[in-house]
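Breakdown of the fold
Each chain, letter by letter, is given below.
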Amino acid sequence: MAEVGQLESEQDIIEKKIEETKQKFKNDYVQESDKYDSRDVDRLQKDDALVEAYLTWRQYSVDDALKMIDDSFLWRKEFGLNDLTESSIPKWMFETGAVFLHGYDKEGNKLFWFKVKLHTKDAKTIMDKKKYVAFWLERYAKREPGMPLTVVFDMADSGISNIETQDRWHWFVWRTRAHTKRKPLSFQAVRSYRSQGLIWRATLYNLLIKDMDFVKYIINCFKVYYPKFLSKMIIVDMPWIMNAAWKIVKTWLGPEAISKLKFASKNEIQTFIDPEYLPLHMGGMDPFKYSYPPLPDDDFQTPTCENGPIVSEDDNESKEGESEGKELESSFSSEVAVKPKKVYFSEESLSSLKLDDNDKGDCRTKGARKPLTTFKGPLLNVSPAEELSFGTKESERKCLIILDNVSKNQVAFKVRTTAPEKYRVKPSNSSCEPGASVDIVVSLHGGYQASLQDRFLVMAAEMEQNAGAGSPELAQFWKDVPKTKIMDHRLRCHVLESTKPILSYPSGCDNPVEGGANGHPDLHTTLMRVMVCNARLEQKLDQCLWVQQVLIGLVLVVMMFSFLTLYHLSGAS
């Protein structure tokens, strides 16, 4: 009870800090009507999570958080972030593939790739490049709010071999001396460097000035403009000649960001990223090759069932006579229309929903985890707001998504996932009447486990009045509806601790065999726990052997010292 009370008091303090920040920003900063984009100001006043992110990043100092918000909002207006679209960026930048989002790290964070060898410094395009980076960050922030990014600097082929081909190496030497306020080298000295084979100096100078402004901008994006957005910054295969440059970069990072900076070789990168999301030149198995258009995105597919298409009990008879050759219906073979139930929930009944055993439609939600948070969208409210939680227990293998239609018209919806072979979604394609709610059950197939990299996409679009809600009508509707009229919301997967025995297994090793979901031992879990126990015992044994060796060494030193002392004493006598 004491811990609960302490948590409540801490939450009260945070809420007071949030309100104080909002009020001070409104009174002290929002004075000129055109200083910031009004959309950013409105969002700050409505989004407590955004304010808390700034406060957290500034150790809950209201004044520091306000300064950060001021800098961030000024930058957002300067770059026009709320109106920044794909068409605002020169097409050739997307075609280079120097920056893109693809894959996930082991913690489920999206990977933000920087191909350093594809970047060249050009003062004429530096602003476009900055907007290019801002476009990717803003795009991800809107799609997966609150979810951090892992930045990966791929330094492959970005060392000396990438620079020496330039004939302007001597200019970089002279320019660098000028930038560092040191006496510029004469061209005679430059020629001397070349004649002495010291071209590496020119290369180093080039690297020190080539990307410093751009790298500093990227750092500021995570340090100031997007608080709590950085999970890790991984530098892969950094050439030795760039060590000096990154020493400068470290001075720009705050204490929070320095701890997130990781240097890794090709052999070490798999500590952070699984091979399935690593390119081939890093020893991975990801066949992905960047191309444009379109922009790379998660491969959301229609969820399938190992027993065939997902069909509700009410539609079994009607589906038997339908043709399987409908256009587009084949690509959505597992998406079968289910007539929505007009079920109304109060706020109290939502958290404590009781199932009626006589209602077959509600029986399928039995055992599903009820959502506790809600995302409020323009067409549908989606519960939960951010993530679905799965575990290994029978009660943890099924989750519930609740869709509430808050529009005045009928809304069509469909659910897709990046792992269609793992999940059964029922219904995955249907419609919802105005003011009605629809329960969607997401369950894991028997032999599969949820992963942090798994994602779900809820798509919704407003339908015309008296539009048909059958499978052919919905298939045609999704074919014709403009992308601009589609609301989409992404959900990520959260893996409960029970699914990670290696991490959650206690330090003791007794009774490693525990019952599975049906009371029988889970052989895989048991084997993993035994292996963990064995690894820990080996580690303790190694420690004991090391201590033993140290003690033996100390004993030998003491014995030698004693013999020497006795020898000197006998010689003196």
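Shown above is the structure to which this text applies.
Okay, so let's go over this structure. (Residues numbered from 1 in each chain as written. Predicted model: local features only at pLDDT ≥ 70, side-chain atom pairs only at ≥ 80, totals over all residues. Heavy atoms only, no water.)

Here we come to the pattern of salt bridges. Considering all chains together, one arrives at 19 salt bridges under this definition. Its salt-bridge partner being Arg39, residue Asp83 comes within 3.0 Å of it at the nearest N-O pair. With Asp83 in the loop between helix 4 (62-79) and helix 5 (91-96) and Arg39 in helix 2 (residues 38-46), the pair connects residues that are 44 residues apart, well separated along the chain. Its relative accessible area of 40% is what places Arg39 among the partly exposed residues. Where Lys91 meets Glu95, a salt bridge forms, and the shortest distance between an N and an O atom there is 4.0 Å. Of the two residues, Lys91 and Glu95 are both situated in helix 5; the distance of 4 residues between them amounts to about one turn of the helix. Accessibility expressed as a relative area gives 43% for Glu95, which makes it partly exposed. Bridged by salt links that share partners, the residues Glu20, Lys24 and Asp63 form one connected network. (Salt bridge = Lys/Arg side-chain N within 4 Å of Asp/Glu carboxyl O. Helix = DSSP H or I, 4+ residues; strand = E, 2+ residues; numbered from the N terminus. Buried < 20%, exposed > 50% of the residue type's maximum accessible area, 1.4 Å probe, protein only.)

With that settled, consider the sheet that holds strand 7 (residues 380-383). Judged by pairing direction, the sheet is antiparallel, and its 5 strands sit side by side in the order 6-7-9-13-11 without closing on themselves. The open sheet has two free edges, formed respectively by strand 6 (375-376) and strand 11 (423-426), since each of these has just one partner strand. Sheet topology note: the strand 7/strand 9 (residues 398-405) ladder contains 4 bridges and is antiparallel. Bridged to Ser383 within strand 9 is Ile402. (Pairing = 2+ DSSP bridges.)

This next bit is on the state of the cysteines. One pass over the full model with this rule turns up 0 disulfides. With no disulfide of its own, Cys399 has Cys493 as its nearest cysteine by sulfur position, at a separation of 7.8 Å. Cys399 sits in the buried class, given a relative accessible area of 2%. (Disulfide = S-S within 2.5 Å.)

In contact at an axis separation of 11 Å, helix 4 and helix 6 (residues 126-143) are set at 115° when each is read in the N-to-C sense. With respect to their mutual orientation, helix 4 and helix 6 come out roughly perpendicular. Crossing handedness for the pair helix 4 and helix 6: left-handed. Of the residues in helix 6, those in contact with Trp75, Arg76, Glu78 and Phe79 of helix 4 are Met127, Lys130, Lys131, Ala134 and Glu138. The class makeup of the residues in the contact of helix 4 with helix 6 is 4 nonpolar, no polar and 5 charged. (Axes fitted to C-alpha atoms, helices over the stretch in contact; angles between N-to-C directions. Parallel < 35°, antiparallel > 145°, perpendicular 65-115°, else oblique. Left-handed = near helix turned anticlockwise from the far one by under 90°. Contact = heavy atoms within 4.5 Å. Nonpolar A, V, L, I, M, F, W, Y, C, P; charged D, E, K, R; others polar.)

Reading across from one edge, 8-15-14-10-12 is the order of the 5 strands in this open sheet, with mixed pairing throughout. The sheet is open, and its two borders are formed by strand 8 (387-390) and strand 12 (429-432), each paired with just one other strand. Averaged over neighbouring strand pairs, the angle between their axes works out to 25° when direction is ignored. Where strand 10 (residues 411-417) and strand 14 (residues 455-462) come together, 7 bridges link them in antiparallel fashion. Across the sheet, residue Val415 finds its bridge partner in strand 14, namely Val458.

Turning to helix 3 (residues 48-57), a few remarks are in order. Among all positions in helix 3, only Leu50, Val51, Ala53, Tyr54, Leu55 and Trp57 are buried. At the exit of helix 3 stands Gln59, carrying a positive phi of roughly 55°.

Okay, helix 6 next. For helix 6, spanning 18 residues, the distance from its first C-alpha to its last is 26 Å, which sits close to the expected 26 Å at 1.5 Å a residue. Of the residues making up helix 6, those classed as buried are Lys129, Lys130, Tyr132, Val133, Ala134, Phe135, Trp136, Leu137, Glu138, Arg139, Tyr140 and Ala141. (Expected span 1.5 Å × (residues − 1).)

Right, let's talk about the packing of helix 2 against helix 4 for a bit. The packing of two helices is summarised by the inter-axis angle and the distance between the axes. As a packed pair, helix 2 and helix 4 sit with axes 10 Å apart at the nearest point and diverge in direction by 145°. Where helix 2 crosses over helix 4, the handedness of that crossing is right-handed. Residue-level contacts link Asp40, Val41 and Leu44 of helix 2 to Ile69, Phe73 and Arg76 of helix 4. By residue class, the composition of the contact of helix 2 with helix 4 is 4 nonpolar, no polar and 2 charged.

Here we come to the pairing of strand 1 (residues 99-104). By the criterion of burial, strand 1 is predominantly enclosed, with 6 of the 6 residues buried. In terms of strand pairing, strand 1 meets strand 2 (residues 110-115) through 4 bridges, oriented antiparallel. Looking across to strand 2, one finds that Leu101 is bridged to Phe112. Linking strand 1 back to strand 2 in an antiparallel pair, the connection comprises 5 residues, with Gly108 at a positive phi of about 85°.

With that out of the way, let us pick up the pairing of strand 3 (residues 149-154). Remember that side chains alternate between the two faces of the sheet whenever the strand is regular. Burial runs high along strand 3: 6 of the 6 residues are buried. Residues Leu149, Val151 and Phe153 of strand 3 are buried on one face, and the alternating residues Thr150, Val152 and Asp154, pointing to the opposite face, are buried as well. When strand 3 meets strand 4 (residues 230-236), the two strands line up parallel, connected through 6 bridges. Each residue of the ladder has a partner; that of Thr150, found in strand 4, is Lys232.

The next thing to look at is the side chain of Ser443. Topologically, Ser443 is positioned in strand 13 (residues 437-444). Of the residues examined, Ser443 reaches a relative accessible area of 13% and is grouped as buried.

It is worth spelling out the side chain of Asn109 at this point. Mapped onto the elements of the fold, Asn109 is located in the loop between strand 1 and strand 2. One polar contact links Asn109 to Glu107, side chain to side chain, over a distance of 3.3 Å. Setting aside anything within four residues of it in sequence, one finds Asn109 in contact with Gly103, Tyr104, Met147, Pro148, Thr150, Ser231 and Lys232. (Polar contact = N/O pair within 3.5 Å; in protein donor to acceptor, adjacent residues only side chain to side chain.)

Before going further, it helps to spend a moment on the nonpolar core. Counting 77 residues, the largest nonpolar core has Phe112, Trp136 and Phe222 as the members making the most contacts within it. By size, the runner-up hydrophobic cluster in this structure holds 27 residues, among which are Val382, Val411, Ala419 and Cys432. (Core = buried A, V, L, I, M, F, W, Y, C linked by side-chain atoms within 4.5 Å.)

No statement about biological role is implied by the geometric values presented.
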